[in-house]
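Residue strings, one per chain:
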Amino acid sequence: MFSQIKKTCQRIVGASEEEVPVITPRDWAEKITHDPAHRVVNYVTSLFPIFGWITRYNLGWASGDVIAGLTVGIVLVPQSMSYAQIATLPPEYGLYSSFVGVLVYCFFATSKDVSIGPVAVMSLTVAQIIKHVNESHPGVWAGPQIATTVAFICGFIVLGIGLLHLGWLVEFIPAPAVSGFMTGSALNIVSGQLPGLLGISGFDTRAATFEVFINTLKGLPRAKVDAAFGITGLVSLYAIRWACDRLSKRYPSRARWFFFLSVFRNAFVIVVLTIASWLYTRHRKSADGKYPIKILQEVPRGFKHLGQPHIDPELIKALASELPVATIILFLEHIAISKSFGRVNGYKIDPNQELIAIGVTNTIGTLFGAYPATGSFSRSALQSKSGVRSPASGLFSAVVVIVALYGLTPAFFWIPTAALSAVIIHAVADLVASPKQVYSFWRVSPVEFVIWVASVLVTVFATIEDGIYTSIAASLALLLIRLARPRGHFLGRVTLHNPNESSSRDVYIPLNPNKFLMNPHVKVYPPSPGVVVYRFEESFLYPNSSLVNDAIVEYVKKHTKRGRDMSGVKSGDRPWNDPGKNSEVEDDSEKPLLHAIVLDFSAVSHIDTTGVQALIDTRTEVERWADRPVEVRRSDSFHFATILSPWIRRALVAGGFGVGTMSTQMHEEIAPVTRYHDQYIADPQHAGPVQDGPGRVGDPEALDNIAQVSVRSSSEVTVQSIQQDAAAPMVLPSTPFFHLDVATAVRAAEGGVTRASSFMEAEKE
């Protein structure tokens, strides 16, 4: 009963009764569901990487972490207040974000070097979001509430991406696009801080970069005393760094001392300028309470906004359009930084776990009133250079921030904002790509260099949001173009000789080798007449499948002759799309008949339904050109070499390839756009079932030949069997036209040419 139902179902769906063993979804399901308890335990423990190293923590690690943590903390305090200024938030919010970032990240981190906290680009994005919300809903929500809501929503989104292990999405944004966006953002930040550095006001510093720069130049006559503090601080920062670098090279034995001296330049300049500000402004307060220069004034002591965040649904709706770019910046910069430090310092980060760390950090940060925080390149580089040994260094950085919040806030009152602008400009200037880096983009890929330039220009002349969308869209467009229009080559044979071992082997390279890849004077021998060898350099998917079909069919028509003499056929008897030639016999007289096509699948990792349909169409068209099944006495005209995936094998078998027989139930169209197949839509000239012929089912002699070919091709390459000492064939006997490599496939195809020639001569006799 069950077998009868099974046969009925097979007949309905058109399945062959003689199934070739292929991989099934059940095999895939068994693989991913194997030992689920163990997989669940591994997943849960992977969420807390700290348990993997905390048991091995020792005093040697602690000494390095203390030095690195305190060093980063000293730099973090002035930087965080400066970045809060970029975000148009009170300075204490930068300290809140810094504390939560360095404290929480160490429990979830897979990188020892990355330091989490406020960064320039994210701060600028928050400022743009606050501006956007205030323009559409003026006076409804305060800036800190908007920033905290952004941190909560973006953190939750990134956390979800990490928990679902979707970190591979980050890989769709290449390094040049990230660099271009970062360079444009850095220029935007620098231009926005120049007015504060010089004490100029009276225009929108959040406008496009070029507008802010032009307005700054126009406002130079209005520069105030703030410029004395800002320019002095900026020059001092660069002078200290330059001097320490020169002294480190001159006195290598004391290079580490000069390094730490250079590290403390931010704190040193802020302290000196704060003292100068206090001396200058303490007795110059005007009647209306203003000072001659702009200073921070009161910074609240401790955590004044600790508690459950207030998330207003209406606010989420108001800033929803800005959330995608904020989320992208949040994880994009962090993943790029953590990968860089892992690559340089000899360890590998887990992108999914890093996304979880960023998500948890920002979600918990909203309890402290923090705004979005992510990885900082400058502080991470500082932490790495300071000799950090583990993620625990963040705990010591958090101690410095706590000390600053509870013990130094009275001193923050006199910090000049021009000095903070100097710190910002000095920090973000390092984000601008160097000429050497830009030239490397050009050398590696001129197209990606164009993407870099476009990203920078759009960010400078439009907005950061437009810049990041431009870089992502251009990168995805380039990816799709490369997928839809990959390279393919028709191959020929070159014999390599090893004089030391007196051995030789055949390799297959393009018939017309590129002079930049190999010696153009090497003679490349084409395969035997009537055999075509083609290599496709991409997965065989729906965007590019027609390209392969066109390439093979055009090559076959150009280099082989028709199987049927069309010179005497009248115009009325020709197909409508065949113009014909008067000299067709003369043109084709020297060309061979098509016998076999060998496809090198060594670069094909996936194939889809449209790809299989394109191969079926190719087979149909070339057999129509040859006026017979290609390879007389053989039922399969296509040989496949180096199939990489069992799913590719499954798809090809479903299309009727590789098995050596053609099922009578196999439709010519495996991917119809409607339920009606070929027999319903074909015109009278092409209608009718597939006829048995040479090499088709029902030809006993052809089946014998297939068996001989499969045994011969399979036994050409043998290995020792696992179950016994005797040699065993590498390829599966059920698919004799799937071969181990190109050389084996070509030999099998050329063997068919010899047999086909002998068969035709016997028919003539």
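Before any of the text, the structure's been laid out above.
Here we summarise the structure given alongside this text.

About the cut-offs
Per-chain numbering applies: the sequence of each chain, read as written, is numbered from 1 onward. Only residues with pLDDT of at least 70 are given local features in this predicted model, and only at 80 or more are side-chain atom pairs given and counted; all residues enter the totals for whole chains, interfaces and linings. Computation of side-chain values: all heavy atoms of the structure, hydrogens and water removed. Secondary structure is summarised from DSSP: a helix means a run of H or I of at least four residues, a strand means a run of E of at least two, and numbering begins at the N terminus for each. Accessibility here uses a 1.4 Å probe with only protein chains present; expressed as a share of the type maximum, an area under 20% marks a residue as buried, one over 50% as exposed, and anything in between as partly exposed. Exposure was quantified through the Shrake-Rupley algorithm and a 1.4 Å probe, taking into account, for residues, occlusion by the shown protein chains and nothing else. Any two strands with at least two DSSP-identified bridges between them are counted as paired. Contacts are assigned to residue pairs that have any heavy atoms within 4.5 Å of one another. Convention adopted: a line fitted to C-alpha atoms gives each axis, helices being fitted over their contacting stretch, and angles between N-to-C directions are expressed from 0 to 180 degrees. The criterion for an aromatic pair is that two Phe, Tyr or Trp rings (for Trp, the six-membered ring) have centres within 6.5 Å, with stacked assigned to planes under 30 degrees apart, edge-to-face to planes over 60 apart and tilted to the rest. For a Lys NZ or an Arg CZ to count as sitting over a ring, it must be within 6 Å of the ring centre and within 35 degrees of the ring normal.

1. Quick word on the overall build of the protein chain
Here's step 1: The helix and strand tally for the protein chain stands at 30 helices and ten strands.
Here's step 2: Relative to its full complement of 765 residues, the protein chain shows a buried share of 48%.
Here's step 3: When the accessible area of the protein chain is evaluated, it comes to approximately 38600 Å², of which 61% is carbon and sulfur surface.

2. Description of the sheet that holds strand β3 (residues 488-498)
Here's step 1: The sheet built from six strands is open, its strands ordered β4-β3-β5-β6-β7-β10 with mixed pairing. Looking at the sheet topology across the chains shown, the edges are occupied by β4 (503-510) and β10 (738-739).
Here's step 2: When β3 meets strand β5 (residues 531-536), the two strands line up antiparallel, connected through three bridges. Its bridge partner lying in β5, F490 is registered against Y534.
Here's step 3: Together, β3, β5 and β6 (596-600) form the strand contacts of helix α24 (residues 545-559), whose direction differs from that of β5 by roughly 155°.
Here's step 4: Where helix α26 (residues 609-626) meets the sheet, it contacts β6 and β7 (638-641), and its direction lies at approximately 140° from that of β7.

3. Quick look at the packing of aromatic side chains
Here's step 1: Evaluated as defined, the whole model comprises 30 aromatic pairs.
Here's step 2: Centre to centre, the rings of Y93 and Y96 are 5.5 Å apart; their planes meet at 70°, and the pair counts as edge-to-face. A residue pair is termed a helical-turn pair when its members lie 3 or 4 positions apart in one helix, as Y93 and Y96 do in helix α6 (residues 91-108) at three residues.
Here's step 3: Under the relative-accessibility criterion, Y93 is labelled buried at 7%.
Here's step 4: With 5.2 Å between their ring centres and 55° between their planes, F99 and F303 make a pair best called tilted. Placement of the pair is F99 in helix α6 and F303 in the loop between α13 (265-281) and α14 (313-319), with a sequence separation of 204 residues.
Here's step 5: Judged by its relative accessible area of 18%, F303 falls in the buried class.
Here's step 6: Feature note: the residues F536, F540, F601, F638, F640, F657 and F738 constitute an aromatic cluster, connected by ring pairs.
Here's step 7: Positioned over the ring face of Y525 is K523, at 5.8 Å from the centre of the ring.

4. Some words on the pairing of β3
Residues in a regular strand project their side chains so that they alternate between the two faces of the sheet.
Here's step 1: Bridge analysis of β3 against β4 gives eight bridges, and the strand direction is antiparallel. Within β4, the position partnered with G492 by the bridge is I509.
Here's step 2: Here β3 hands over to β4 after four residues, with S502 in that stretch at a positive phi of 55°.

5. Regarding unusual backbone geometry
Here's step 1: Phi at T88 takes a positive value of approximately 55°, unusual for a residue other than glycine.
Here's step 2: For T88, a relative accessible area of 42% corresponds to the partly exposed category.

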